[in-house]
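Single-letter residue listing:
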Amino acid sequence: PVETVRGGVSENGWLKVEGTQLCNEAGEPVILRGMSSHGLHWFGQYAGSQSIQNTAEWGANLFRVAVYTGEGGYLSSPEAVREKAVSTVDAAIANDMYVIIDWHILSDGNPMSHVEEAEAFFDFMAARYGDNPAVIYEICNEPNGNVTWERDVKPYAQRVIPIIRTRAPQSVILVGSTTWSQDIHVAARSPLEGENLMYTLHFYAGTHGETLRQRIDSALAAGLPVFVSEWGTSRADGSGGVFLKESEEWLDFLDERGISWANWSLCDKNETSAALRPGTPPDRAWSE
Ligand code: IDC
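Since this is a predicted model, take the numbers as computed values, not measurements. (Residues numbered from 1 in each chain as written. Predicted model: local features only at pLDDT ≥ 70, side-chain atom pairs only at ≥ 80, totals over all residues. Heavy atoms only, no water.)

Asks: Just checking my understanding: could you explain the site of the ligand for this structure?
Replies: For the ligand, the set of nearby residues contains 17 residues, the closest of which are Y68, E142, A236, K269 and E271. In this structure, Y204 approaches the ligand through a side-chain N or O atom, which is 3.3 Å from a nitrogen atom. Protein burial of the ligand: of its 500 Å² of free accessible surface, 83% is covered by the chains. In terms of residue class, the shell around the ligand is made up of six nonpolar, five polar and six charged. (Near = heavy atom within 4 Å. Polar contact = N/O pair within 3.5 Å; in protein donor to acceptor, adjacent residues only side chain to side chain. Areas by Shrake-Rupley, 256 points an atom, 1.4 Å probe, with all protein chains shown as cover. Nonpolar A, V, L, I, M, F, W, Y, C, P; charged D, E, K, R; others polar.)

So this is what it looks like as structure tokens:
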């Protein structure tokens with residue numbers, strides 16, 4: 001990798017979770033901040049090397065690779081989507097960034113409904129990247145619908161995590177929770193066994209505020225490590241706003257607690273959660 005990013009992989013090395021804090025190889029607290037891609041199968045053009053490098057110039061040391069399962073994504077074209085995911089992860093690594101491989105369940109709200117596909121996917125990814133300190137595994141974006149932690153999400157995690165661990169013994173793994181990864185208080189009552197696990201909390205500044213912030217503080221107090229692997233400046237439906245004041249309040253809150261985050265999303269779709277104006281060229285530097 002070239003050293004383009006402050007706080008990148010060449011500076012921090014292997015990550016580890018100490019207590020509730022994400023730390024670098026030297027055991028110092030580290031905060032990762034960056035962009036999430038939109039669905040790779042829809043907006044893959046903004047997940048190429050130049051686009052990722054542009055976010056590094058904004059100060060990012062993290063990129064999240066959203067591999068939609070449903071909605072025409074991985075489950076419809078596994079090989080093509082996996083190939084695109086690999087080239088995106090490689091581009092982020094080449095830019096010295098940490099990179100999250102996100103199994104982006106959404107319309108398929110129960111992670112158990114495609115657990116075998118998830119096992120095969122993460123086995124492949126961990127075989128390829130298990131010895132790479134840049135890579136973080138997010139095993140289920142947002143469980144939702146008729147799903148519970150005890151019956152569905154926790155057993156799913158207990159199947160997928162050991163598969164990743166066989167090949168990536170020290171990597172950080174992110175775990176979602178019910179209600180679109182908002183129920184960290186439920187996970188906190190019955191956490192998973194194991195090291196270097198963090199729990200995701202997702203928020204959208206136009207929809208979520210104090211209640212979820214309190215949930216984060218209670219989870220941290222209970223010893224649960226929290227990673228905001230997706231948040232938006234819009235409402236939860238991806239539009240409305242932009243809610244800048246609310247977003248700043250959230251970012252200050254996360255900064256004060258040393259919590260890492262990825263923003264949804266790096267694409268030019270005509271919705272306010274998109275970071276780019278429609279028609280932004282993916283393969284050039286971007287103006288303000
Ligand atoms: C939204 C996209 C939108 C797309 C929709 C369905 O912004 O363009 O049509 O998904 O695929 C999430 C999800 C994320 C959503 C986002 C905004 O993880 O996939 O993206 N959101 O609705 N959780 C809460 C909000």
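From this point, the narrative continues.
Asks: Any chance you could explain the pairing of strand β9 (residues 226–232) here in plain terms?
Replies: Along a regular strand, successive side chains alternate from one face of the sheet to the other. Counting buried residues in β9 gives seven out of seven residues, a clear majority hidden from the surface. In the sheet, strand β8 (residues 197–204) pairs with β9 via five bridges, with the strands oriented parallel. Looking at the pairing, T200 lines up with F227 of β9. On the question of chirality, the crossover connecting β8 to the parallel β9 by way of helix α9 (residues 210–221) is right-handed. Of the strand pairs in this sheet, β9 and strand β10 (residues 261–266) are connected by two bridges, and their pairing is parallel. (Buried < 20%, exposed > 50% of the residue type's maximum accessible area, 1.4 Å probe, protein only. Helix = DSSP H or I, 4+ residues; strand = E, 2+ residues; numbered from the N terminus. Pairing = 2+ DSSP bridges. Right-handed = clockwise from strand over helix to strand, strands pointing away.)

Asks: Explain helix α5 (residues 115–129) here, please?
Replies: Residues that lie three or four places apart on an α-helix share one face, since the helix turns once every 3.6 residues. Over its 15 residues, α5 extends 20 Å from the first C-alpha to the last, a length consistent with the 21 Å expected when each residue adds 1.5 Å. Looking at α5, one finds that the buried residues are V115, A118, E119, F121, F122, M125, A126 and Y129. (Expected span 1.5 Å × (residues − 1).)

Asks: Explanation requested: the sheet that holds β10 in the structure shown.
Replies: Overall, parallel pairing links the eight strands, which are arranged β3-β4-β5-β6-β7-β8-β9-β10 in a closed barrel. Each strand axis lies, on average, 30 degrees off the axis of its neighbour in the sheet, ignoring direction. When strand β6 (residues 135–138) meets strand β7 (residues 173–175), the two strands line up parallel, connected through two bridges. Directly across from Y137, in β7, lies its bridge partner I173. This element, helix α6 (residues 149–167), spans β5 (98–104), β6, β7 and β8 of the sheet and lies at about 170 degrees to β7. (Axes fitted to C-alpha atoms, helices over the stretch in contact; angles between N-to-C directions. Contact = heavy atoms within 4.5 Å.)

So, to be careful, I would describe these as geometric facts and stop short of saying anything about function.
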